[in-house]
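Each chain is listed here by its residues.
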Amino acid sequence: TIGDGIQNDTAAIQRAIDSSPGSIVFPPGRYLTGTLRLSDNLTIELMNGAELIASPVLNDYVEDHSINPASGLRHYLFEGRNTSNFTLCGEGKIHGNGPAFWDIHPDPNVKMKLARPQRIVLVHLVDCHNVSISNIAIYDAPAYTIWLLGCRDVTINGVRVRNQRFGPNTDVLDIDCCTNVATSNCNIEAGDDCIAIKSDTARLGRDTVCENICVSNCILSSTTTGVRIGYAGDGIIRNCVFNNLTIHDTRTGLDILSLVPECAFTRIKRGTPVENIIFSNIAMRDVRRAIHVWSGMSYTDIPYRGYVKGITFSNIRASYVRETIFIGSVGRNTCVSDILLRDIYLEHVANDYTGDGKIADYPVNCWGVGNLPWSLNLRKIDNIKLENVNISRGKNLPAEYGRFNWAYITNGSMNGIVMDN
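Here the structure is a predicted model, which means the values were calculated and not measured.

Helix and strand content of the chain: 2 helices and 31 strands. Against the compact-globule benchmark of 22 Å for 421 residues, the chain has a radius of gyration of 22 Å, which places it among compact chains. Counting the 421 residues in the chain, one finds 55% classified as buried. Across the chain, every contact between residues at least 6 apart in sequence was considered, and the portion connecting residues at least 24 apart equals 75%. Treating the 39 positive side-chain charges of the chain as one cloud and the 43 negative ones as another, the clouds have centres 4 Å apart.

Here it is, written out as structure tokens:
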């Protein structure tokens, strides 16, 4: 390889991967590359001072023609399929060259960049087993940063990611139809979901469960969501634990979303079943909405068979929250059940929603937009318990703030509730 950051090193790196399975070490230098296809029993180590640079030229990447082009995500930097024992580690960096795949919005008042028709995913692993990603730093992903699809037995530790906050779809960690994934000690800033748990069975090509996911000791910040569960898929998501997280400067802290969207490339037909999820020991600051749980359809002509059940929110403190919590079912049926809110402390300082000013009895869309005057909105839930929930409101907010709206609840109980009226 040349390692000057100017000449393309793809062919030399790929030859090393193909000819000598084992350990490939990048010494200090700048390595420009396109698609790298991974093999079994491979360790790639980026030494301190080594920087792997994603080529800004789309033709340097192998195109995945099995994927709907409408997704815009058919090119990958690291591509692994059915590989075992892959490790990506070291103190070096990966530079995604994100701005090369975006355009500036024509409206100077809009900060969000415009995505070009095709962009690259930095790490795309499909049906891989025994994967470890640790300690590396990643910058400026053009789209998804690490996308795990149908993988099992994955460890991600100590990864630092700095994606541009106004880069489109710059998710950091997408755990999609995976089993046994442990993520810890990561420091993440994103322009989309920091951590997304999905079940896109249509893209994977088989019906499978996304389960046994553990995320701990991470710092998260995003223009959209700290943790999102659901949305992109029909498969079951279950048995997930999120513990010891800090979330700051983020639109939505914790988001569970199950519906059938009107979207050309997702191919969601039923809606995501979500069950047995625990959020605990989480601190949030400067978030628009701390918690948002939506299950069902606001339009009823599309079949929906998803649900959300068995969710625990425990020991959560959120300060400088600017919009309200919503947990509930939308549409004709009750599809949210068995919810526990325990030791919740929420400081609701303002509501700066700038929509039409009308008060809705639930958010007007699945992303949580809506002028809701109550700090805690609960709608159509079967079996919900509130234990030691404390909500305070800013001095300039009307009396409705600091209260909660409890609508169409069956089997509900409250204990130790403190509302600032």
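The next subject is the packing of aromatic side chains. Across all of its chains, the model carries 5 aromatic pairs by this definition. A ring pair is formed by Tyr 144 and Trp 147, whose centres lie 4.8 Å apart and whose planes are at 70°; its orientation type is edge-to-face. Each member of the pair Tyr 144 and Trp 147 is classed as buried. Measuring from centroid to centroid gives 5.1 Å for Phe 279 and Phe 313, while their planes differ by 5°, and the two rings are stacked. Of this pair, Phe 279 sits in strand 25 (residues 273-296) while Phe 313 sits in strand 26 (residues 307-321), and the two are 34 residues apart along the sequence. The class of Phe 313 is buried, set by a relative accessible area of 1%. Among the aromatic side chains, those forming a connected cluster through ring pairs are Phe 242, Phe 279 and Phe 313. Lying across the ring of Trp 147, Lys 198 places its NZ or CZ 5.9 Å from the centre.

This brings us to the pattern of salt bridges. Under the defined criterion, the tally for this structure stands at 18 salt bridges. Across the pair Arg 30 and Glu 51 runs a salt bridge whose closest N-O atoms are separated by 3.5 Å. Placement of the pair is Arg 30 in strand 3 (residues 29-33) and Glu 51 in strand 6 (residues 50-54), with a sequence separation of 21 residues. The partner of Arg 288 in a salt bridge is Glu 323, with the nearest N and O atoms 2.5 Å apart. Note that Arg 288 is positioned in strand 25 and Glu 323 in the loop between strand 26 and strand 27 (325-330), a separation of 35 residues in sequence. A relative accessible area of 23% means that Arg 288 is categorised as partly exposed. What emerges from the salt-bridge pattern is a single network uniting Arg 37, Asp 64, Glu 79 and Arg 81.

Moving on, we come to the side chain of Asn 377. As for its placement among the helices and strands, Asn 377 is situated in strand 29 (residues 376-393). A polar contact is formed between the side chain of Asn 377 and the side chain of Thr 324, at a distance of 3.2 Å. Those residues in contact with Asn 377 that lie beyond four places of it in its chain are Thr 324, Ile 325, Phe 326, Ile 327, Leu 372 and Asn 405.

Note: C-alpha distance between Phe 313 and Asn 281 (32 residues apart in sequence) is 8.9 Å. With near-sequence residues (within four places) excluded, Phe 313 lies in contact with Leu 254, Phe 279, Ile 291, Val 293, Ile 327, Leu 340, Leu 341, Arg 342 and Ile 344.

Pairing analysis gives 5 bridges linking strand 5 (residues 42-46) to strand 8 (residues 84-90), with the strands arranged parallel. Its bridge partner lying in strand 8, Ile 44 is registered against Leu 88. Pairing of strand 8 with strand 13 (residues 129-134) involves 4 bridges; the strand directions are parallel. Looking across to strand 13, one finds that Ser 84 is bridged to His 129.

Thresholds applied
- Residues numbered from 1 in each chain as written.
- Predicted model: local features only at pLDDT ≥ 70, side-chain atom pairs only at ≥ 80, totals over all residues.
- Heavy atoms only, no water.
- Helix = DSSP H or I, 4+ residues; strand = E, 2+ residues; numbered from the N terminus.
- Rg over C-alpha atoms; globule rule 2.2 N^0.38 Å.
- Buried < 20%, exposed > 50% of the residue type's maximum accessible area, 1.4 Å probe, protein only.
- Contact = heavy atoms within 4.5 Å.
- Lys, Arg positive; Asp, Glu negative; His and termini not counted.
- Charge placed at Lys NZ, Arg CZ, Asp CG, Glu CD.
- Phe/Tyr/Trp six-rings, centres within 6.5 Å; stacked < 30°, edge-to-face > 60°.
- Lys NZ or Arg CZ within 6 Å of the ring centre and 35° of its normal.
- Salt bridge = Lys/Arg side-chain N within 4 Å of Asp/Glu carboxyl O.
- Polar contact = N/O pair within 3.5 Å; in protein donor to acceptor, adjacent residues only side chain to side chain.
- Pairing = 2+ DSSP bridges.

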